[in-house]
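Spelled out from the first residue to the last, the chains are:
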Amino acid sequence: MQSGSTIVAVVPGKDDVQVTYMQGTELKTAAAKAVIMATPKFITRRLVEGLPQKQNDAMQQMRYIPYSVVNLIFDKPVFNKGYDNWCPGNRFTDFIVADWVIQKQPGYHQKFNIASCYTPLKEEERSHLLNETGARKIAANVLSDFQKLMPEMNIQAPPNLFAPCYDELLDAGINDWGGVSPLTPDFINPEKPWPHLEQLKTRTESRGYILRQRLPVYPEFLTKLISRPGLLSDRVQAAADREGYATRLQAA
Ligand SMILES: Cc1cc2nc3c(=O)[nH]c(=O)nc-3n(C[C@H](O)[C@H](O)[C@H](O)COP(=O)(O)OP(=O)(O)OC[C@H]3O[C@@H](n4cnc5c(N)ncnc54)[C@H](O)[C@@H]3O)c2cc1C
């Protein structure tokens, strides 16, 4: 076995088997007494020379589909009811809660949630995985189905990281662009400038949504937060409008 190599031909001879492989830019051949092929059948039939026609035909009939894993990463816990959760009728067969095992460790405080969604594609969709736009589209479809299962969830996508894909993301059900500043860069991704707010507004409205400014706390959590008297409660109440979004600042 030689890791990091790509086999290009396996030629059985009278006394040995010649295995030709690429290692880096070098083409090498090794002789072996016997070879066990552990590559998928549709590859094996192309590598091994002299297979009986019937066997070759049978191997060709075995079909393989891409089975991608889409990791949905949430900045707060969204689902912890089970480890492997089957969801028939969706674009993913099931999803697992990635931190399920460590959640049981003493002292573990969950800040994030990762749902790893197992997503079989059709054979003809294989090429979608070859470029970023195609892969993002698959992820957006998975997100859309996931959100239908849990409609109360807020889903955020930073617009500076997804510039070409606003339509797909909005159609997939995101409802939060996160923090977008006309004054500062994105300190985490300084090479990705924020979109202009007017541009973000126009593109959001073109899909039938309204762009509104929210507070650091989502509106549905506001009642709970302000029920505890104190400075934070006072400040948040002063900053929120009746629907729990940020009050519009009046020009002086
Ligand atoms: C999303 C997903 C989740 C899964 N989850 C589970 C699970 O939880 N539990 C479980 O038991 N199974 C799971 N499976 C199934 C499991 O991964 C497969 O059954 C298993 O990996 C098959 O092993 P294999 O060695 O036959 O083939 P592979 O793992 O496909 O190995 C074939 C290898 O051949 C290599 N290869 C191909 N062409 C060449 C070449 N020309 N030269 C050199 N090397 C080459 C490939 O790079 C690959 O590493 C899952 C599969 C998928 C896709």
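As a reminder, the structure under discussion sits directly above these lines.
Quick caveat: nothing in here was measured; it's all calculated off a predicted structure.

**With respect to the overall build of the chain**
Summing up its helical and strand segments, the chain has eight helices and seven strands in all. Relative to the globule expectation of 18 Å for 252 residues, the C-alpha radius of gyration of the chain, 26 Å, shows a markedly less compact shape. In terms of its C-alpha atoms, the chain occupies a principal-axis envelope of roughly 90 × 45 × 35 Å. Here the chain holds 252 residues, and the buried ones make up 10% of them. Long-range pairs, those at least 24 residues apart, make up 47% of the contacts in the chain with a sequence separation of at least 6.

**Looking at the sheet that holds strand 5 (residues 84-86)**
By definition, the strands of a sheet pair up through backbone hydrogen bonds, in either a parallel or an antiparallel sense. With antiparallel pairing, the four strands of this open sheet are ordered in space as 4-7-6-5. The open sheet is flanked by strand 4 (67-74) and strand 5, the only strands paired with a single partner. Put simply, the sheet's adjacent strands are angled 25° from each other on average, direction ignored. Sheet topology places strand 4 next to strand 7 (residues 113-120); eight bridges connect them, and they run antiparallel. Residue Tyr67 lies in a different strand from strand 7, and its bridge partner there is Pro120. The sheet strands contacting helix 4 (residues 132-149) are strand 4 and strand 7, and the helix crosses strand 4 at an angle near 60°.

**Description of the site of the ligand**
Lining the immediate environment of the ligand, one finds Thr6, Ile7, Ala38, Thr39, Pro40, Ile43, Tyr67, Val69 and Tyr118. Its residues assigned to classes, the shell around the ligand comprises seven nonpolar, two polar and no charged. The residue makeup of the shell around the ligand includes at least three contributed by each of domain 1 (5-61) and domain 2 (67-205).

**Considering the nonpolar core**
Nonpolar side chains tend toward joint burial in soluble globular proteins. In terms of nonpolar packing, the biggest core is built from 17 residues, with Val70, Cys117, Val142 and Leu143 touching the most fellow members. For this core, the elements supplying multiple residues, two or more each, are strand 4, strand 6 (94-97), strand 7, helix 4 and helix 5 (166-172). For this core, the element with the highest residue contribution is helix 4, accounting for six residues. Sequence-distant contacts of Leu143, defined by excluding residues within four places in its chain, comprise Leu72, Ile155, Ala172 and Gly173.

**Looking at the sheet that holds strand 1 (residues 5-12)**
Strand order in the open sheet formed by three strands is 1-2-3, and the pairing between neighbours is antiparallel. Strands at the two margins of the open sheet, each flanked by one partner only, are strand 1 and strand 3 (26-32). Here the average twist between neighbouring strands, direction ignored, is 20°. Here seven bridges tie strand 1 to strand 2 (residues 17-23), and the two strands are oriented antiparallel to one another. Bridging across to strand 2, Ser5 finds its partner in Gln23.

Cut-offs used in this document
- Residues numbered from 1 in each chain as written.
- Predicted model: local features only at pLDDT ≥ 70, side-chain atom pairs only at ≥ 80, totals over all residues.
- Helix = DSSP H or I, 4+ residues; strand = E, 2+ residues; numbered from the N terminus.
- Rg over C-alpha atoms; globule rule 2.2 N^0.38 Å.
- Buried ≥ 20, exposed ≤ 12 C-beta atoms within 10 Å, placed from the backbone.
- Contact = placed C-beta atoms within 7 Å.
- Pairing = 2+ DSSP bridges.
- Axes fitted to C-alpha atoms, helices over the stretch in contact; angles between N-to-C directions.
- Near = placed C-beta within 6 Å.
- Nonpolar A, V, L, I, M, F, W, Y, C, P; charged D, E, K, R; others polar.
- Domains from an automatic or database assignment.
- Core = buried A, V, L, I, M, F, W, Y, C linked by C-beta atoms within 7 Å.

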